[in-house]
Every structure is written in structure tokens, then in C-alpha cells.
Amino acid sequence: MENESMRKAKILCLHGFRTSAHIYKCMCRKLGESILEKLDLDFIDAPFPAQGKSAAQGIYDPPYYEWFQTNQNFTEYYNFDECVAFLEDYMAKHGPYDGLMGFSQGAVLSSGLIGMQKHGDALKNIPKLKFVILISGGRFGGTKFGTPKLATNAFSSPIELPSLHFLSEQDFLKVEGDLLFESFVDPVAIHHSMGHTVPIMEGENTKIMLDFIDRIQKLL
């Protein structure tokens, strides 16, 4: 029983738009060993090859992937249901997972999945997720992003799941990140000045994240 209670939280990690599992894993090294050693992180590639230029080009090698596609003003979504089905299948085969950790498009998707599971619209046969970590995220139905049909109810009521949000005044998704933060009942925030990225963790922010890990550890 003691060994079971001390197991690491198993987290499915969803990368950003037109990047990859490898890129996200490299970015997350900035969290620091004191944090990474406490988590069991599973980084996976999105199901669709990038359909345009990646911002990671010239920094990280291809291939690049994306979770779903939208029109130019984010009002119409394509391959969203297929993406959710892909993740349900992956989680059934490789889980159970305790939580999700998403960056950018992966954070938008992660928060949507939490809400969809809460309302029984997705992940129906997947064990209930216990928490979510959202880095430079946004939410469906905010000021920038429309809502895929499958996610219509995702944010219809505040989400009570423990959530940790990485927010930066220099992030182009700052307004969306704030809306996402406000969509949870008891959210925890890490504020940083590094923009739309996984920040280098230090000082008080490291303590905030370690405290959050201690909190979720009690849920395992």
C-alpha cells in the first residue's frame, strides 16, 4: 500500500500547434529535475501531419503535427471528433492516466477534454481524470476560439478539477489564458515573463508547482 501511494502521477502530455512530442519533451526540460522526477510524463504526437509552416522550423527538426484544424477565424473545426477518438483509443491502450498537461493547442484541447468528460460527451470509457496542467492555453468559446460541436457543453459550468495554469503577460494568448483560468473553481496560477512557451522554473514558481504536485499526489 505504501508503494502504491508513492507512485508518480501518470500524465498524458499534448504538444502545441505544428510541433511534436519530441519538441514538447525538450521544452519541458526547463521545468527542472526537482519537478520532472516527481511525474510520469507520456508525450505523444498528434494524429495529423502539419498542414502548413511550423513556428518551430529552424529551431527543432520536423516532422511536425497538429491535433485538429480550423478555418482562419476559428469558427469551424475539422477533424476534431477524429482527434478525440484517437486520444480515447490511445488512453484506453496506454492508461490509466491521472491527468493531462497541455501546451498551446494542446492546452486548449486538454481543457476541452476535461470539460467534455465531465459532461459525458467524450472519454466516456476512460477513468476519470483527476487534474490538468495548462501552459499558454485558451478555451473553446472564449474571445478567440469558437466551439467544436462535441465540446458545446465543456465549459457550461465551472470545472472543479484541480488545475495549474501557466500565464504570461507577454503571451499572445494571455486573454484566453485568463478566461480559461476563470473557468475552474479553484485554479492555481504560475505567472512568468517568458511569453508563449514553457518557462524556466525557478524560485517561487518551482515551489508553487511542487505544492500542486503534492496536492495531486493525495488524489492518486
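What you see is a predicted model; the values in this text were computed from it and never measured. The residue count restarts for each chain, going from 1 along the sequence in the order it is written. Local features are withheld for residues below a pLDDT of 70 in this predicted model, meaning they are given only at 70 or higher, and side-chain atom pairs are given and counted only at 80 or more; totals for whole chains, interfaces and linings count all residues. Side-chain figures throughout are based on the complete set of non-hydrogen atoms in the structure, without hydrogens or water.

1. Some details on the UniProt feature "domain: Serine hydrolase" (unreviewed entry) in the chain
Note the cut-off: UniProt positions are given in the numbering used here, feature names are shortened, and annotations may be inferred rather than shown by experiment. Put simply, DSSP H or I for four residues or longer makes a helix, DSSP E for two residues or longer makes a strand, and each gets a number counted from the N terminus.
Mapped onto the present numbering, the UniProt feature "domain: Serine hydrolase" (unreviewed entry) falls at residues 7-206. Annotated as residues 7-206, this span is 26% helix and 21% strand, and its ends, taken at the C-alpha atoms, are 21 Å apart.

2. A look at the packing of helix α4 (residues 80-94) against helix α5 (residues 105-118)
Condition: Fitted lines through C-alpha atoms serve as axes, helices being fitted only where they are in contact, and the angles separating the N-to-C directions of these axes extend from 0 to 180 degrees. Any angle from 65 to 115 degrees is called roughly perpendicular, while one under 35 is roughly parallel, one over 145 is roughly antiparallel, and all others are oblique. Two residues qualify as a contact provided that any one of their heavy atoms is within 4.5 Å of a heavy atom in the partner residue. Polarity classes work like this: nonpolar for Ala, Val, Leu, Ile, Met, Phe, Trp, Tyr, Cys and Pro, charged for Asp, Glu, Lys and Arg, and polar for all others, with Gly in that last group.
Here α4 crosses α5 at 75°, and the two axes come no closer than 12 Å. The orientation of α4 with respect to α5, classified from their angle, is roughly perpendicular. Contact residues: α4 offers F80, C83, V84 and L87, while α5 offers L109, L113 and M116. Grouping the amino acids of the contact of α4 with α5 by side-chain chemistry returns seven nonpolar, no polar and no charged.

3. A few points about the layout of surface pockets
Under the convention used in this document: Definitions used for this entry: grid spacing 1 Å over protein atoms alone; cavity, a set of points where a 1.4 Å probe fits but cannot get out; pocket, an open set with protein on both sides within 12 Å along at least 5 of 7 lines; lining residue, one with an atom within 4 Å of a point. Grid points are joined across faces, edges and corners, and a volume is the space filled by probe spheres set on the points.
The space that makes up the largest pocket amounts to roughly 700 Å³. Lining the largest pocket we find 30 residues, and of these G16, F17, S104, F172 and H196 sit closest to its centre. Going through the elements one at a time, α2 (21-28), β5 (69-70) and α5 are the ones with two or more residues in the lining of the largest pocket. Considering only residue class, the lining of the largest pocket consists of 16 nonpolar, ten polar and four charged.

4. Here we look at α5
Cut-off, in case you're wondering: Here the expected span of a helix is defined as 1.5 Å times the quantity of residues minus one. The cut-offs for exposure are 20% and 50% of the maximum accessible area for each residue type, with area from a 1.4 Å probe on protein chains only; residues under the lower value are buried, those over the upper are exposed, and the others partly exposed.
Taking 1.5 Å as the rise per residue, α5 with 14 residues should run 20 Å; its terminal C-alpha atoms sit 20 Å apart, in good agreement. The buried fraction of α5 amounts to 13 of the 14 residues, a majority that puts the element mostly inside the structure. Immediately beyond the C-terminal end of α5, within one or two residues, lies G120, with a positive phi of roughly 75°.

5. Overview of the sheet that holds strand β9 (residues 163-168)
Defined as follows: At least two DSSP bridges between two strands are required for those strands to pair.
Overall, parallel pairing links the six strands, which are arranged β2-β1-β7-β8-β9-β10 in an open sheet. Edge positions in the open sheet fall to β2 (39-44) and β10 (187-192), since each of these has one partner strand only. Taking each pair of neighbouring strands and ignoring which way they run, the sheet shows an average axis angle of 20°. As judged from the four bridges shared by strand β1 (residues 9-14) and strand β7 (residues 99-103), these two strands associate in the parallel manner. Residue L14 lies in a different strand from β7, and its bridge partner there is G102. On the sheet, α4 packs against β1, β2 and β7 and is oriented at approximately 155° with respect to β1.

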